[in-house]
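Coordinates in review
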Amino acid sequence: MTPNPQQTSVAPESLLAAPDHASQEQITQEIIDFHEVLSKRSVAGEKLPQTILDFAPYRSSVLRSPTKNPKLVDPETIELWSPAYGQRDVTAIESDLTLSGGSGEPQGERITVSGRLLDSWGRPVTNQLIEIWQANAAGRYIHQRDQHPAPLDPNFVGAGRTVTDENGFYKFTTIKPGPYPWRNHANAWRPAHIHFSVFGRAFTQRIVTQMYFSGDPLFALDPIYNSIPEQKDRDRLVGIYDHSLTVPEFSMGYSFDIVVDGPDATWFEKEAE
Amino acid sequence: MQNKLIPTPGQTVGPFFAFGTDFEKKHELVHPHSAGAIVLKGRVLDGAGAGIPDSMVEIWQADSDGSISKARGVLNRDGHTFTGFGRAFTNDDGEFQFWTKVPGSVNGEAPFFAVIVYARGLPNKLHTRIYLPGTDEDKLLSSLSSVEKETLVAKQLENGYLEHTIRLQSATEHSQMETVFLEF
């Protein structure tokens, strides 16, 4: 993979900055109020999605989220299958992001992120693709739209991918990303995170998400993390320090299991084929 | 079955997905202009009717004969194996484009492209379908109003290519209907 930051067109900066430039206090209060309203709806019996789409504290969601509830449908056959991946698709080196840049070692805290890809019954999802991308240790993305005046690292690109093994395990070696400033509101900072793109056994199970690091002080302040109103759901996105994954004199270990959702009964019919 | 694990929730793809999700020929499921190749193109629009420049569209489909590819090699296309999966980034005008085949019917079901849309500002993925013009109605289509149905059926262009608009939100000023999105 040889990413070329030039190949993506530049979005006007106006698209990235929210026009109202709210304070952090205001955004934090909006998050608290929004969660309260959702909690009442939930108590009243409404079944809410794990991730709220029209989450106004995340300003750019206002024009980009549907106003109607999705239609509940039975998946058709094609949706019960997923693209197939294997070692043909990725090389081993692509799971080590510390080797992706120049010839030297990237700056920052080297980490190992490892876990299992499971379905909601706890069965491993094997031979499926996981793609990740992230900022460098200084919180800068190698992307021309990233205007954050932190240094780029000539020895770090920040993109990797791997295919889960026969037990659903995956492992990446990378650098702990720094927190990242953005323009949702005044003095807005994203908690440190790694973007994950994951394929399940069915196309319906596909997810794109973000992994955070436990104990981040920015959690309560971040509208993207809080677009998931339930703490038990947000906890699913947190990589946990795991000393057994720490490699002596090399890297700190974080454990991050990923559970793909549904589809329920129909999945078993297909398996029985 | 009981004791289901809590699924990992989705999050926005953010603004910088391009360098993490790019691969060669990602939007070319078949060679451009090869026999049977068509273009499937369109735009992803926001609630103001504007094109979304930082969106990603994925399609997953059957081959023209209705078979579902089990072949590996999406990320490393060999130039002749149909893997059924493609990914496109929208441009500054919110346009996306694929080179692909017309999907065939699987088990007698109405053929469609299974689609997922992602964007900066969209907190989670959205599933939808793109059906072929003149399609027979299946369970989903027959449950929809004609206005809703229109949001799921591609338009055929003169040369046999397909065009389809994905509207993440109704643009009230233009009274244009938002695309029907799906949950399973």
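Note that this is a predicted model, so its numbers are computed, not measured. (Residues numbered from 1 in each chain as written. Chains lettered and ligands numbered in written order. Predicted model: local features only at pLDDT ≥ 70, side-chain atom pairs only at ≥ 80, totals over all residues. Heavy atoms only, no water.)

1. Notes on the sheet that holds strand β1 (residues 38-45) of chain B
Residues and elements named next belong to chain B. Read from one edge to the other, the open sheet built from four strands follows the order β4-β1-β8-β7, with strand pairing classed as mixed. Sheet topology places β4 (95-100) and β7 (155-156) at the edges, where each strand pairs with a single neighbour. Bridge analysis of β1 against β4 gives six bridges, and the strand direction is antiparallel. Bridge pairing links K41 to Q97 in β4. (Pairing = 2+ DSSP bridges. Helix = DSSP H or I, 4+ residues; strand = E, 2+ residues; numbered from the N terminus.)

2. Side note on the pairing of β1 of chain B
Residue and element names in this part refer to chain B. Counted residue by residue, β1 has six buried out of eight residues, so it is predominantly covered. The pairing of β1 with strand β8 (residues 162-167) spans six bridges and is classified as parallel. Its bridge partner lying in β8, L45 is registered against R167. (Buried < 20%, exposed > 50% of the residue type's maximum accessible area, 1.4 Å probe, protein only.)

3. Overview of the pairing of strand β11 (residues 252-255) of chain A
Residues and elements named next belong to chain A. Relative to β11, strand β2 (residues 110-119) is paired through four bridges, and the arrangement is parallel. Paired with S114 across the two strands is S255, which belongs to β11. Note that strand β10 (residues 238-241) and β11 share two bridges and pair antiparallel. Bridged to I240 within β11 is S255.

4. Section: the packing of aromatic side chains
Under the criterion given, the structure shown has 23 aromatic pairs over all chains. Both rings, one in Y170 of chain A and one in F172 of chain A, keep their centres 5.8 Å apart while their planes meet at 55 degrees; by these two values the pair is tilted. Both residues of the pair, Y170 of chain A and F172 of chain A, belong to the buried class. Residues F112 of chain B and Y131 of chain B carry aromatic rings whose centres are separated by 5.2 Å and whose planes lie at 55 degrees to one another, so their mutual orientation is tilted. On the criterion of sequence distance, the pair formed by F112 of chain B in strand β5 (residues 112-119) and Y131 of chain B in strand β6 (residues 126-131) is long-range, its members being 19 residues apart. One aromatic cluster in this structure is built from Y85, F199 and F203 of chain A together with W60 and F85 of chain B. The ring of F250 of chain A has R110 of chain A lying over it, and the distance from NZ or CZ to the ring centre is 4.1 Å. Here the guanidinium or amino end of K70 of chain B rests over the ring plane of W81 of chain A, the centre of that ring lying 4.5 Å away. (Phe/Tyr/Trp six-rings, centres within 6.5 Å; stacked < 30°, edge-to-face > 60°. Lys NZ or Arg CZ within 6 Å of the ring centre and 35° of its normal.)

Shape descriptors only; they carry no functional weight alone.
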